[in-house]
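Okay, here's what each chain looks like letter by letter:
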Amino acid sequence: MTPLSICIPFGRGQDGPHPAIGAMLQSPRTDFEIVIANADDSPGQGGQTLSAFKDDPRLRIVAPLKGAEEPCDEWNHLLAHSRAKWITVIGAQDFADPDICEVLAATLKRVPDADVLSWGRAEFVAPHARIGQTIARIPTGSRLLAPEQTEMMRRLFYWEGASDRPDCHFGVWHGAVRRDVLERIAEAFSGRVFEQPQPDIDNLCKVTMLAKRMVMWERPLSVRCVAPEDTGKGPDLEAVKPAGWKDFPFRPETGVAARTAVAIEAFKRRYGIELDGWQDDFIAACARDCETASSGDAFHARKAAYERAILEWAGKRAVKSFKPEFRRKPKIPRFQGVKDDELHFDMEMDGTRDAAGFYRLINALSFPVHLLDYKLA
Amino acid sequence: MVHLTICLPTRNRQAYCIKTIAALAEAETRDFEVVVADNSDDPAPLADYLGNRLADPRFRLLSPEASVLPMVANWERALENARGRWISVIGDDDYIDPRLVAVIRRYEVLHRDVDAISWECMSYNWPDNRPVPTLANIPIGQGTGANSTEALANQLFRWSERKRRPSVGVGIYHGAIKRSLMERIRKTYGGRYFEHPNPDWESSCKVIMQARLNIHSQRPFSVLGACAASNSAANLSPDVMKQRIETFEKETAGPISLHRPEFPFSLNNGGASICLSIAMTTSWFCQTYGVSLDGFGVNFAHAAMDECAFSADRDEYDAKAACFRNGFDRWENGRWASHFKPAPFKPPRTINQISGVLDDRLNVREADIGTATPAEFYRFGEHAITPMTSLINGTQVFAL
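Everything numeric in this text was worked out from a predicted model, so none of it was measured. Per chain, the residues get numbers from 1 upward, laid out in the order the sequence is written. Just so you know, chain letters begin at A and ligand numbers begin at 1, following the order they were written in. Restriction of local features to residues with pLDDT of at least 70 applies here, the model being predicted, together with a cutoff of 80 or more for giving and counting side-chain atom pairs; totals for whole chains, interfaces and linings are based on all residues.

**Section: the overall build of chain A**
Applied cut-off: A helix here means a DSSP run of H or I that spans at least four residues, while a strand means a run of E at least two residues long, and both kinds are numbered starting from the N terminus. Burial is judged by counting other C-beta atoms within 10 Å of a residue's own C-beta: 20 or more means buried, 12 or fewer means exposed, and anything between counts as partly exposed, with every C-beta placed from the backbone. Residues are defined as contacting one another if the C-beta atoms placed from their backbone atoms lie within 7 Å.
Along its length, chain A carries 12 helices and 14 strands. A total of 377 residues make up chain A; the buried ones form 46% of that total. Contacts in chain A between residues at least 24 apart in sequence constitute 81% of all its contacts with a sequence separation of at least 6.

Okay, structure coming up:
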């Protein structure tokens with residue numbers, strides 16, 4: 001069985017992932033496949049067509065799903081056609097390193113029963129979408145960690161140690177999950193692996209609940225393309241909030257914290273999970289979400305939206321604890337260098353133009369994948 | 001008086017030198033000059049480039065003399081022709097940021113007595129010098145402070161760190177020295193700026209002894225380049241090392257011999273290393289000018305063992321070990337020979353491969369980035385370190 005399927009869902013009318021596919025297929029590896037659904041040979045980003053790769057057996061193009069209504073339908077469709085033991089999902093403008101297979105092999109040598117592999121985050125803003133100087137942050141560590149499931153559940157559902165989003169990334173979205181874990185998810189929940197308007201977070205919740213052995217490599221292995229005022233929309237979804245939630249007045253479009261919270265709530269409500277004690281840390285994440293705004297206007301708009309929602313949701317006392325500060329004053333230069341085990345650098349470095357190019361750069365700046373096994377030996 | 005003179009001694013590497021000059025000429029700042037001391041067999045390429053194509057008054061050419069000069073003499077004439085208040089020397093395949101002028105001014109305001117400025121250097125292999133996987137590196141520290149003369153002296157003269165190379169980065173080579181200090185050095189040491197065939201490490205010795213205040217910046221201002229024709233390229237291949245030593249010995253013959261009975265190690269019989277070359281220079285300086293060498297014997301034996309540990313294969317290890325052993329046996333009747341006990345050879349698996357952040361440096365796999373010269377690499381690296389404008393303005397607060 002092929003070790004890894006990289007599934008790339010993309011919506012109708014959206015540019016196809018052709019440059020990323022081209023970059024991934026440059027890998028000499030033969031132990032991965034890329035799965036996409038496409039009906040025609042219309043040009044993707046950069047005007048490239050898929051016919052350029054038609055002779056490469058590592059690319060599997062399946063017929064699009066007829067009558068797909070929600071993004072999760074396409075996710076399920078691609079999963080059904082994938083053949084590998086491990087599954088990862090990325091967006092059309094993202095990039096995943098086929099060397100994930102190398103990391104999986106090194107991981108399974110030490111943790112044979114690993115259910116899910118996560119890795120360091122790396123985000124890229126396309127040059128045309130940047131507002132002023134844009135700083136990239138990538139982790140500098142290269143440790144292979146095996147956190148406890150209970151700790152990850154606290155981080156996800158209780159928002160412990162969260163930034164503007166929970167510090168738990170054990171799902172198929174820019175992670176790799178073993179196929180039998182996904183099959184167990186279908187059995188344990190609704191019969192479908194991916195659900196909800198935001199299948200990335202829905203999957204994160206389910207994997208975190210069902211996966212017993214989680215492994216995290218600190219080094220990035222993929223790149224997510226984001227917009228500067230990204231609300232974490234992720235895999236080209238329309239984050240639609242289910243109707244009838246008067247007691248949770250957060251709107252997904254407010255920010256990544258709200259969007260994540262809405263998706264977690266949707267999961268909890270659907271499966272009757274009630275938790276208490278997470279609200280304070282979630283409010284702190286809302287504040288941090290405001291602080292990531294790249295302009296004063298964006299900061300104030302986001303702050304006001306969160307304030308309204310928090311007031312309605314938890315009252316005046318909760319609003320008092322919500323104190324975001326806008327620190328990105330234009331006259332204060334941005335930090336470049338290493339701080340708290342992260343390398344901060346200007347995204348103009350090496351003039352990269354897309355996620356694949358950006359990955360080539362951060363790959364050159366990071367611990368080499370091929371030495372992981374040697375390092376762990 | 002111009003504030004900074006960058007001396008660029010060069011010999012027979014005109015193509016690299018022209019690229020280096022072109023990169024320096026891009027600087028907007030006017031308050032510096034570049035003295036190109038050409039010691040090449042063919043004077044035409046640099047004369048044509050500087051005279052006809054560049055025509056920038058900030059650049060002056062010292063044409064080759066009637067016969068080839070020893071390297072130390074070429075450095076000497078470059079210094080003699082420097083007009084700046086501060087002077088720096090780089091190689092013809094290196095790069096230095098001319099905005100250093102503004103940094104020097106700032107340090108002069110902050111530290112009135114400063115007469116020597118040093119910094120951590122980036123390093124970069126030109127694309128033609130990558131016979132094996134190579135790494136460039138970018139120092140990522142951010143501090144600036146005064147160096148302790150005593151600590152520097154222990155590191156350089158007594159090899160207190162016991163590493164293959166002293167971490168001392170002080171001196172005129174990829175450093176900036178005030179003219180008054182260079183004049184004091186000339187007056188103190190035989191009426192010359194440079195005497196020894198290794199003028200870069202010799203300068204470190206003399207600056208440590210004579211500087212009133214050395215300020216060291218962890219932020220880099222220059223790049224140590226290594227092209228296929230450079231001496232440092234020899235680090236990547238023992239065969240190249242042998243050729244380079246032959247050429248080096250031929251072309252560096254000057255007033256001081258590399259080989260002295262007081263330190264009877266040899267660069268000629270294979271197994272030579274930069275570690276040994278530095279030790280030959282520092283021991284010469286200490287013995288000539290009466291600087292204490294207490295502890296040097298044992299420490300250098302450990303440094304030599306460290307050098308042996310950095311061998312790419314068994315042949316290189318054997319050659320280095322034999323070279324050191326032969327020297328230790330002959331030096332002071334074998335007094336330090338028993339301390340030289342190199343660990344058995346272990347085939348390295350990761351030489352030049354561990355990219356990423358390690359020991360305050362960002363190691364970069366050169367083959368995977370788009371830079372073609374040290375200047376381009378410097379600009380590349382500047383995206384990940386404190387911006388020059390912030391340094392010059394004394395910015396203390398940065399937004400994350």
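From this point on, the discussion continues.
**A look at the overall build of chain B**
Across its full length, chain B carries 13 helices and 14 strands. When its C-alpha atoms are laid out on the principal axes, chain B stretches across 55 × 50 × 45 Å. Expressed as a percentage of its 400 residues, the buried residues of chain B come to 48%. Excluding contacts between residues fewer than 6 apart, the proportion of contacts in chain B whose partners are at least 24 apart in sequence is 80%.

**Considerations on the sheet that holds strand 1 (residues 4-7) of chain A**
Residue and element names in this part refer to chain A. Selection criterion: Any two strands are treated as partners once DSSP identifies two or more bridges connecting them. Each axis is a line fitted through C-alpha atoms, taken for helices only over the stretch in contact, and angles between the N-to-C directions span 0 to 180 degrees.
Spatially, 8 strands are ordered 3-2-1-4-10-6-11-9 in an open sheet, and the strand pairing comes out mixed. Only two strands of the sheet have a single neighbouring strand rather than two, namely strand 3 (59-62) and strand 9 (144-145). As paired strands, strand 1 and strand 2 (residues 32-37) are joined by 4 bridges and run parallel to one another. The partner of C7 across the bridge, within strand 2, is V35. Of the strands in this sheet, strand 1, strand 2, strand 3 and strand 4 (86-89) are in contact with helix 2 (residues 71-81), which crosses strand 2 at around 140°.

**Regarding the interface of chain A and chain B**
Note the following rule: Throughout this entry, Asp, Glu, Lys and Arg are counted as charged residues, while Ala, Val, Leu, Ile, Met, Phe, Trp, Tyr, Cys and Pro are counted as nonpolar. The remaining residues, Gly among them, count as polar.
In this complex, chain A contributes 29 residues to the contact, which on the side of chain B involves 27 residues. For the side of chain A that touches chain B, the secondary-structure elements that each account for two or more residues are strand 13 (337-339), strand 14 (342-346) and helix 11 (355-365) of chain A. Residue contributions to the side of chain A that touches chain B peak at 5 residues, all from helix 11 of chain A. Looking at side-chain class alone, the side of chain A that touches chain B contains 14 nonpolar, 7 polar and 8 charged residues.

**As for helix 3 (residues 71-80) of chain B**
Burial runs high along helix 3 of chain B: 8 of the 10 residues are buried. Of all the residues in helix 3 of chain B, the buried ones are M71(B), V72(B), A73(B), N74(B), W75(B), E76(B), A78(B) and L79(B).

**A few points about the confidence of the model for chain A**
In low-pLDDT regions, the fine details of the predicted coordinates are not to be read closely. Definition in use: A score between 0 and 100, pLDDT records how confident the predictor is in each residue.
Across chain A, the average pLDDT comes to 91, with 92% of residues at or above 70. Within the model, pLDDT remains below 50 along residues 231-239 of chain A, and this stretch shows 34 contacts once partners closer than five positions in the same chain are excluded.

**Comments concerning the packing of helix 6 (residues 199-210) of chain A against helix 7 (residues 256-270) of chain A**
Residues and elements named next belong to chain A. Under the convention used in this document: Roughly parallel refers to an angle under 35 degrees, roughly antiparallel to one over 145, roughly perpendicular to one between 65 and 115, and oblique to any angle outside these ranges. Take the far helix as your reference; a near helix turned counterclockwise from it by less than a right angle gives a left-handed crossing, and one turned clockwise gives a right-handed crossing.
Running from N to C, helix 6 and helix 7 point in directions that differ by 55°, and their axes come no closer than 9 Å. When the interaxial angle is binned, helix 6 and helix 7 end up oblique. Judged by the twist between their axes, the crossing of helix 6 over helix 7 is right-handed. Together, I201, D202 and C205 of helix 6 and T260, A263, I264 and F267 of helix 7 make up the contact between the two elements. The residue makeup of the contact of helix 6 with helix 7, split by class, is 5 nonpolar, 1 polar and 1 charged.

**With respect to helix 4 (residues 100-110) of chain B**
All names here are of chain B. To keep things clear, this is the line we draw: As used here, the arc is the angular range of directions from the helix axis to the C-beta atoms.
Every buried residue belonging to helix 4 is among L100, V101, V103 and I104, and all of these are buried. Angularly, the buried residues of helix 4 cover 160° about the axis, an arc narrow enough to put them on a single face. Turned more than 90 degrees from where helix 4 packs its buried face, V109 and L110 sit exposed.

**Focus on the domain arrangement of chain B**
Residue and element names in this part refer to chain B. Note the following rule: Domain start and stop points were drawn from an automatic or database domain assignment.
Under the domain assignment used here, chain B contains domain 1 (4-229 + 364-393) and domain 2 (232-339). Counting residues at the interface gives 30 residues for domain 1 and 33 residues for domain 2. For the side of domain 1 that touches domain 2, the secondary-structure elements that each account for two or more residues are helix 3 and helix 7 (199-210). Each residue belonging to the side of domain 1 that touches domain 2 can be placed in one class, and the counts come to 19 nonpolar, 4 polar and 7 charged.

**Some words on the sheet that holds strand 10 (residues 175-178) of chain B**
All names here are of chain B. Spatially, the 8 strands line up as an open sheet ordered 3-2-1-4-10-6-11-9, and their pairing is mixed. Taken across any chain shown, the strands that pair with only one partner, and hence form the sheet edges, are strand 3 (59-62) and strand 9 (144-146). Going from strand to strand, the sheet's axes swing by 20° on average, the running direction of each strand aside. Here strand 4 (residues 86-89) runs beside strand 10; their pairing, made up of 2 bridges, is antiparallel. Across the sheet, residue W86 finds its bridge partner in strand 10, namely K178. Where helix 4 meets the sheet, it contacts strand 1 (4-10), strand 2 (32-38), strand 4, strand 6 (116-119), strand 10 and strand 11 (214-217), and its direction lies at approximately 135° from that of strand 1. Against the sheet, helix 6 (residues 179-188) makes contact with strand 4, strand 6 and strand 10, and its axis sits at roughly 75° relative to strand 10, the strand it touches most.

**Some thoughts on the environment of A78(B)**
Residue and element names in this part refer to chain B. Relative to the elements of secondary structure, A78 occurs in helix 3. For A78, a count of 26 C-beta atoms within 10 Å gives the class buried. Note: C-alpha distance between A78 and I6 (72 residues apart in sequence) is 9.3 Å. Residues within four places of A78 in sequence aside, it is in contact with C7, P9, V35, A37 and L62.

**Some details on the nonpolar core**
Applied cut-off: What makes a nonpolar core is a set of buried Ala, Val, Leu, Ile, Met, Phe, Trp, Tyr and Cys residues, with links drawn between C-beta atoms within 7 Å.
If you look at the biggest cluster of nonpolar residues, it comprises 210 residues, and the most contacted ones within it are I87(A), V116(A) and C7(B). Take this core: its biggest share by element is 9 residues, from helix 7 of chain A. Among the domains, domain 1 (4-229 + 364-393) and domain 2 (232-339) of chain B are the pair contributing at least three residues each to this core. Not counting the four nearest positions on each side in its chain, I87(A) is found in contact with S5(A), C7(A), L79(A), S82(A), V172(A), A176(A), V177(A), R179(A) and L182(A).

**Remarks on the pairing of strand 10 of chain B**
Residues and elements named next belong to chain B. Of the two faces of strand 10, the one holding G175 and I177 and the one holding A176 and K178 are both buried throughout. When strand 6 meets strand 10, the two strands line up antiparallel, connected through 3 bridges. Considered in strand 10, the bridge of I117 is made with A176.

**Structural notes on unusual backbone geometry**
Positioned with a positive phi, H174(A) is a non-glycine residue whose angle comes to about 55°. Looking at the element boundaries, H174(A) is found in the loop between helix 4 (149-157) and strand 10 (176-178). Its identity is not glycine, yet D360(B) carries a phi of approximately 60°, on the positive side. Looking at the secondary structure, you find D360(B) in the loop between strand 13 (356-358) and strand 14 (361-365).

**Observations concerning the packing of helix 1 (residues 14-25) of chain B against helix 2 (residues 44-54) of chain B**
Residue and element names in this part refer to chain B. Between helix 1 and helix 2, whose axes approach to 10 Å, the crossing angle comes to 25°. Considering their axes alone, helix 1 and helix 2 lie roughly parallel with respect to each other. Regarding helix 1 and helix 2, the two cross each other, and that crossing is right-handed. Residues Q14, C17, I18, I21 and A25 of helix 1 touch helix 2, and the partners they reach there are P45, L46, Y49 and L54. Each residue belonging to the contact of helix 1 with helix 2 can be placed in one class, and the counts come to 8 nonpolar, 1 polar and no charged.

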